[in-house]
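# Structure at a glance
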Amino acid sequence: MNTAEFSLWICLSSILAGLLGSLTGLGGGVVIVPVLTLIFHIDIRYAIGASLVSVIATSSGAAAAYVREGFSNIRIGMFLEIATTLGALFGAYLTAKVTTHSIGIVFGIVLLYSAYASFRTKHPEHGHTSPDPLAMRLKMHGTFPSSTGDEAYVAQRVPAGFSLMFAAGTLSGLLGIGSGAVKVLAMDQAMRLPFKVSTTTSNFMIGVTAAASAGIYLSRGYISPGLAMPVMLGVLGGSLVGSKILVNAEVKTLRLVFGVVIVALGIEMIFNSVTGRL
Amino acid sequence: MQLTDQKLEVAIGRMLQTGVMLAALVVLLGGILYLRQSTGPRPDYIHFHGEIDNLRSPAKIVVLAIHGNPEAIIQFGLLLLIATPIVRVMVAAAGFLIEKDHMYVWVSLAVLAVLLFSLWRSH
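What counts, and where the lines are drawn
Residues numbered from 1 in each chain as written. Chains lettered and ligands numbered in written order. Predicted model: local features only at pLDDT ≥ 70, side-chain atom pairs only at ≥ 80, totals over all residues. Helix = DSSP H or I, 4+ residues; strand = E, 2+ residues; numbered from the N terminus. Rg over C-alpha atoms; globule rule 2.2 N^0.38 Å. Buried ≥ 20, exposed ≤ 12 C-beta atoms within 10 Å, placed from the backbone. Contact = placed C-beta atoms within 7 Å. Expected span 1.5 Å × (residues − 1). Pairing = 2+ DSSP bridges. Axes fitted to C-alpha atoms, helices over the stretch in contact; angles between N-to-C directions. Parallel < 35°, antiparallel > 145°, perpendicular 65-115°, else oblique. Left-handed = near helix turned anticlockwise from the far one by under 90°. Nonpolar A, V, L, I, M, F, W, Y, C, P; charged D, E, K, R; others polar. Core = buried A, V, L, I, M, F, W, Y, C linked by C-beta atoms within 7 Å. Bend = angle between axes of the 7 residues up to and from the residue.

This part is about the overall build of chain B. Counting its secondary structure elements, chain B contains four helices and zero strands. For 123 residues, the compact-globule estimate of 2.2 N^0.38 gives 14 Å, and the C-alpha radius of gyration of chain B, at 18 Å, exceeds that figure by more than 25%. Counting only C-alpha atoms, chain B reaches 60 × 30 × 30 Å along its principal axes. In chain B, which comprises 123 residues, the share counted as buried stands at 38%. For chain B, restricting intrachain contacts to residue pairs at least 6 apart in sequence, the fraction spanning at least 24 positions comes to 61%.

Now for the overall build of chain A. For chain A, the helix and strand inventory stands at eleven helices and two strands. In sequence order, the secondary structure elements of chain A are arranged as α-α-α-α-α-α-β-β-α-α-α-α-α. Its C-alpha atoms give chain A a radius of gyration of 18 Å, within 12% of the compact-globule value 19 Å for 278 residues. For the C-alpha atoms alone, the extent of chain A along its principal axes is close to 60 × 40 × 30 Å. For chain A, the residues scored as buried account for 58% of the 278 residues in total. In chain A, of all internal contacts separated by at least 6 residues, the share reaching a separation of at least 24 is 80%.

So, about the interface of chain B and chain A. On the side of chain A, 52 residues touch chain B, which itself brings 56 residues to the contact. Those elements that provide at least two residues to the side of chain B that touches chain A are α1 (2-37), α3 (70-98) and α4 (102-122) of chain B. The element best represented in the side of chain B that touches chain A is α1 of chain B, accounting for 18 residues.

So, on to the environment of Thr84 of chain B. Here Thr84 of chain B shows up in helix α3. For Thr84 of chain B and Gly19 of chain B, which are 65 residues apart along the polypeptide, the C-alpha to C-alpha distance reads 5.6 Å. Beyond its immediate chain neighbours, meaning those up to four positions away, Thr84 of chain B contacts Ile56, Ser60 and Gly207 of chain A together with Leu16, Gly19, Val20 and Ala23 of chain B.

Residues and elements named next belong to chain A. Of note, Gly21 is situated in helix α1 (residues 3-24). We classify Gly21 as buried; it has 29 C-beta atoms within 10 Å. Once the C-alpha coordinates of Gly21 and Ile32 are considered, the two residues, eleven residues apart in sequence, prove to be 8.8 Å apart. Not counting the four nearest positions on each side in its chain, Gly21 is found in contact with Leu26, Gly27, Gly28, Val30, Val31 and Ser239.

This part takes up α3 of chain B. Compared with an ideal rise of 1.5 Å per residue, which puts 29 residues at 42 Å, α3 of chain B spans 41 Å between its outermost C-alpha atoms and is within 8% of the ideal. Once α3 of chain B finishes, Lys100 of chain B follows within two positions and takes phi at roughly 60°, a positive value.

Residue and element names in this part refer to chain A. Where strand β1 (residues 141-146) and strand β2 (residues 149-154) come together, six bridges link them in antiparallel fashion. Of the residues in β2, the one forming a bridge with Thr143 is Ala152. Between β1 and β2, which pair antiparallel one after the other, the connecting turn spans two residues.

Residues and elements named next belong to chain A. Direction vectors running N to C along helix α7 (residues 158-175) and helix α9 (residues 195-220) enclose 45°, while the axes themselves pass 9 Å from each other. With respect to α9, the axis of α7 lies oblique. Every pair of crossing elements has a handedness; the one defined by α7 and α9 is right-handed. Each of Gly169, Ser172 and Gly173 in α7 lies in contact with α9, whose residues at this interface are Thr209, Ala210 and Ser213. Along the lines of polarity and charge, the residues of the contact of α7 with α9 split into one nonpolar, five polar and no charged.

If you look at the biggest cluster of nonpolar residues, it comprises 122 residues, and the most contacted ones within it are Val53, Ala228 and Met232 of chain A. A per-element tally of this core places helix α3 (residues 44-69) of chain A first, with 14 residues. If we ignore the near neighbours within four places in the chain, the residues touching Val53 of chain A are Ala214, Ile223, Ala228 and Met232 of chain A together with Leu78 and Leu81 of chain B.

Here the focus is unusual backbone geometry. Even without being a glycine, His41 of chain A presents a positive backbone phi close to 55°. Secondary-structure assignment places His41 of chain A in the loop between α2 (29-39) and α3. Taking the C-beta count within 10 Å as the criterion, His41 of chain A has 12 such neighbours and is therefore assigned exposed. We note that Lys100 of chain B has phi near 60°; this positive angle belongs to a residue other than glycine. Tracing the backbone shows Lys100 of chain B in the loop between α3 and α4.

This part covers the packing of helix α2 (residues 58-66) of chain B against α3 of chain B. Residue and element names in this part refer to chain B. At a minimum axis distance of 8 Å, the contact between α2 and α3 shows a crossing angle of 130°. Between α2 and α3, the angle is such that the two are oblique. Considering the relative orientation of α2 and α3, their crossing is left-handed. From α2, Pro58, Ile61, Val62, Leu64 and Ala65 reach across to α3, where they touch Ala72, Ile73, Gln75, Phe76 and Leu79. When its residues are assigned to classes, the contact of α2 with α3 shows nine nonpolar, one polar and no charged.

Turning our eyes to something else, we now look at helix α4 (residues 74-97) of chain A. All names here are of chain A. Between its first and last C-alpha atoms α4 spans 34 Å; for 24 residues at 1.5 Å apiece the expected length is 34 Å, and the two agree. Taken as a whole, α4 carries its principal kink of about 35° at Glu81. Counted residue by residue, α4 has 18 buried out of 24 residues, so it is predominantly covered.

Just geometry here; none of it tells us what the structure is for.
Below you can see the structure in the form of structure tokens.
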């Protein structure tokens, strides 16, 4: 395989990964890393380097569309970014300390969890709870447009959400992914924010989180232009197309098929890591 | 206040999109040049040896990119991409300042400090 063919194959795979990532809501990073390591046998450090830059691209590229919907909360996002960026520094530090096998195993587990989380049914709104004094002081409240007019919400359990966000940042820095699934878990489950607010604010945060470890990846030589170029362009293109499809089509079956693919990739990541092939 | 918030978010969203498109164009340009000059076998990514030193630090990347090195142009595009969310935090800090929300000016500056620390620390 020469350089041009290699780049073309990587780019095509990345388009597919971006498409899959945006249709399942998991993000492109979580899909492209297993593809690069399992199919193209690329060292996982190059794979997460290329993935991380594509994560910044998709998160920032989609931000304008999300903002227009009026769900994302800039204050909640900014406050929690203190936790995710610190976590990302810690995660990027860990990447150099642990073996590639353990990175692979953690990656597989995150894949399985992400697949599970994306199929969890959106539970009904959480109902009215008493305002959290800490959240009120930090102005972590807002309104979002609903069928019955603007609905107000206040964040609950801020410390729990903050800690989970640190973990999300660590995974992002360790694995080169956006770890949107854990971010949504922190906001939707721990802080009891409305689901739409959680997902859109999470997307907004992913780029900033990834930027915190990107500098470290760059200085360690994880970001290689020959690989990052087709991956970044492919994932960005695929996810833009995916978000257009999402608006126009009912994608339930598609999501199910892709969910199975994600689970298979997760199991294979763990298997290959345990048997030392990764 | 809500109106200003919404306006601020729309401005930030547009800025992010512009940054990404600019970065993608630079990466694409570098990519085309890179593919035109490399005819050899696929690069070895199976074994990790790390990218060469000249493509690891922002200062060296900029110098090489100015001289038209295709790989450095790609890296420069990626640097623009990494800078986009950092600029977003700066814009948010300025927005909070205009809104006179001093607490969130400090929160934004804290995030900015972590981001700049990671860049400074690693080079």
